[in-house]
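Spelled out, the chains give:
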Amino acid sequence: MLSIRALVYAGGSEFGKYMPRFYKYLEIGLQNFKEYQVFALSVEVVGDVCRALGDKILPFCDGIMSHLLTGLSSGVMHPSVTPLIVSCFGDIGIAIGEQFEKYLPCAMPMILVASEIFAKTDTDNNYGNQLRRGIFDAYSGILRGLKNSNSDLMLPHVGHLLQAIELVFRDKMREESVSKAAVAAMGDLAHTLGPRAKTLFKDRPFYADFLQECLDSDDYKMKELAAWAQKMIESVFVCGRPGTKRRKLLVSYLK
């Protein structure tokens, strides 16, 4: 698996011609729930292949998703692998775009269960932070993948996303990487759903304070990401009103 990761990185999209022969070994890794290091590395390879091949991975997705979902529900898998699997859903979502629609009925309940675990997990350990990032990465990837198709399918689920982001905002001991993933997910939510997300943001005005906090950060990447998310969310409220003057705090649009 380590060798394959290097080959995928070096070969990029050209690795696609080797995928049919490699896939049987990938399946072995994705079924090895008890050897969690092997399973975890196999999941990471799936993410690498998604980034390299894009929608060319589609013929293998039924099998991959089946193994990932089986792993999550097996009861024998090491907990540390859960964030990797959840995040991998996002990698697959970006890679195959609208084709991820068929996996939503299975993937979203698993992400919701992970979110419920996240709400009960201490923030002072690595597992809790990895789980948070995995959940936000999953939402971001799936939202971006469905943007140009039936993105309305995500409407029943994004309320849970904002709820999870608010929990992160209230946690003043959160890791910066978690904040970045949360802000990115908010931006992807606004970018994908557009005006359909207006009520969602109105109901949870915490986002304005969260973004302002991130804009005041000393971290350049954090400020840049927050500025992009702010722009996406502002467009939700001013859509159809060209020439509306932008205001520093998004909460202004709630008045």
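Above this text is the structure in question.
Everything numeric in this text was worked out from a predicted model, so none of it was measured.

A. Local environment of the overall build of the protein chain. Scanning the protein chain from terminus to terminus reveals 12 helices and zero strands. Taking 2.2 N^0.38 as the reference for a compact globule, 255 residues should give roughly 18 Å; the C-alpha atoms of the protein chain span a radius of gyration of 19 Å, in line with that estimate. Once the C-alpha set of the protein chain is aligned to its principal axes, its extents read approximately 60 × 40 × 35 Å. The burial tally for the protein chain puts 49% of its 255 residues in the buried class. Residue pairs in contact within the protein chain that sit at least 24 positions apart in sequence constitute 70% of those at least 6 positions apart. Surface summary for the protein chain: the accessible area is close to 12,500 Å², and the carbon and sulfur share equals 53%. When the 30 basic and 28 acidic side-chain charges of the protein chain are each reduced to a single mean position, those positions are 6 Å apart.

B. Here's a closer look at the pattern of salt bridges. Tallying each qualifying case throughout the model produces 13 salt bridges. Salt-bridge contacts for Glu 175 lead to Arg 133; the nearest nitrogen and oxygen are separated by 3.1 Å. Of this pair, Glu 175 sits in the loop between helix 8 (155-170) and helix 9 (176-193) while Arg 133 sits in helix 7 (residues 126-146); the two residues are 42 residues apart in sequence, bridging distant segments of the chain. Here the salt bridges share partners, and the residues they tie into one network are Arg 5, Glu 44, Asp 48, Arg 51 and Asp 91.

C. Looking closely at the nonpolar core. Ranked by internal contacts, the top residues of the largest apolar core, which has 83 residues, are Ile 92 and Phe 136. Ignoring sequence-local partners within four residues, the contact set of Ile 92 consists of Val 46, Cys 50, Cys 61, Ile 64, Met 65, Leu 68, Gly 97 and Phe 100.

D. View of the packing of aromatic side chains. Here the structure, examined in full by the defined rule, presents 10 aromatic pairs. Geometrically, the ring pair formed by Phe 100 and Tyr 103 is edge-to-face, given 5.7 Å between the ring centres and 65° between the ring planes. Pair check on accessibility: Phe 100 and Tyr 103 agree, each one buried. Through successive ring pairs, a cluster of aromatic residues spans Phe 15, Tyr 18 and Phe 22. Over the aromatic face of Phe 169 sits the side chain of Lys 172, whose NZ or CZ is 4.3 Å from the ring centroid.

E. Representation of the environment of Gly 47 in the model. Here Gly 47 shows up in helix 3 (residues 36-53). Of the residues examined, Gly 47 reaches a relative accessible area of 1% and is grouped as buried. In this structure the C-alpha to C-alpha distance between Gly 47 and Asp 91, which are 44 residues apart in sequence, comes to 5.6 Å. Contact partners of Gly 47, with chain neighbours within four places excluded, come to Cys 88 and Asp 91.

F. Spatial organisation of the packing of helix 9 against helix 12 (residues 220-238). At a closest axis distance of 8 Å, the pairing of helix 9 and helix 12 adopts a crossing angle of 25°. The angle between helix 9 and helix 12 places the two elements in the roughly parallel class. Crossing of helix 9 over helix 12 shows left-handed handedness. Seen from helix 9, the contacting residues are Glu 176, Ser 179, Lys 180, Val 183, Ala 184, Met 186, Gly 187, Asp 188, Ala 190 and His 191; seen from helix 12, they are Lys 221, Met 222, Leu 225, Ala 226, Trp 228, Ala 229, Met 232, Ile 233 and Val 236. When its residues are assigned to classes, the contact of helix 9 with helix 12 shows 12 nonpolar, three polar and four charged.

G. Spotlight on the packing of helix 1 (residues 2-11) against helix 3. Taken N-terminus to C-terminus, the directions of helix 1 and helix 3 make an angle of 10°; their axes are 10 Å apart at the nearest point. The angle between helix 1 and helix 3 falls in the class roughly parallel. Listed contacts from helix 3 to Leu 2, Ile 4, Arg 5 and Val 8 of helix 1 are Leu 41, Glu 44, Val 45, Asp 48, Val 49 and Ala 52. Across the contact of helix 1 with helix 3, the residue classes break down as seven nonpolar, no polar and three charged.

Calculation notes
- Residues numbered from 1 in each chain as written.
- Predicted model: local features only at pLDDT ≥ 70, side-chain atom pairs only at ≥ 80, totals over all residues.
- Heavy atoms only, no water.
- Helix = DSSP H or I, 4+ residues; strand = E, 2+ residues; numbered from the N terminus.
- Rg over C-alpha atoms; globule rule 2.2 N^0.38 Å.
- Buried < 20%, exposed > 50% of the residue type's maximum accessible area, 1.4 Å probe, protein only.
- Contact = heavy atoms within 4.5 Å.
- Areas by Shrake-Rupley, 256 points an atom, 1.4 Å probe, with all protein chains shown as cover.
- Lys, Arg positive; Asp, Glu negative; His and termini not counted.
- Charge placed at Lys NZ, Arg CZ, Asp CG, Glu CD.
- Salt bridge = Lys/Arg side-chain N within 4 Å of Asp/Glu carboxyl O.
- Core = buried A, V, L, I, M, F, W, Y, C linked by side-chain atoms within 4.5 Å.
- Phe/Tyr/Trp six-rings, centres within 6.5 Å; stacked < 30°, edge-to-face > 60°.
- Lys NZ or Arg CZ within 6 Å of the ring centre and 35° of its normal.
- Axes fitted to C-alpha atoms, helices over the stretch in contact; angles between N-to-C directions.
- Parallel < 35°, antiparallel > 145°, perpendicular 65-115°, else oblique.
- Left-handed = near helix turned anticlockwise from the far one by under 90°.
- Nonpolar A, V, L, I, M, F, W, Y, C, P; charged D, E, K, R; others polar.

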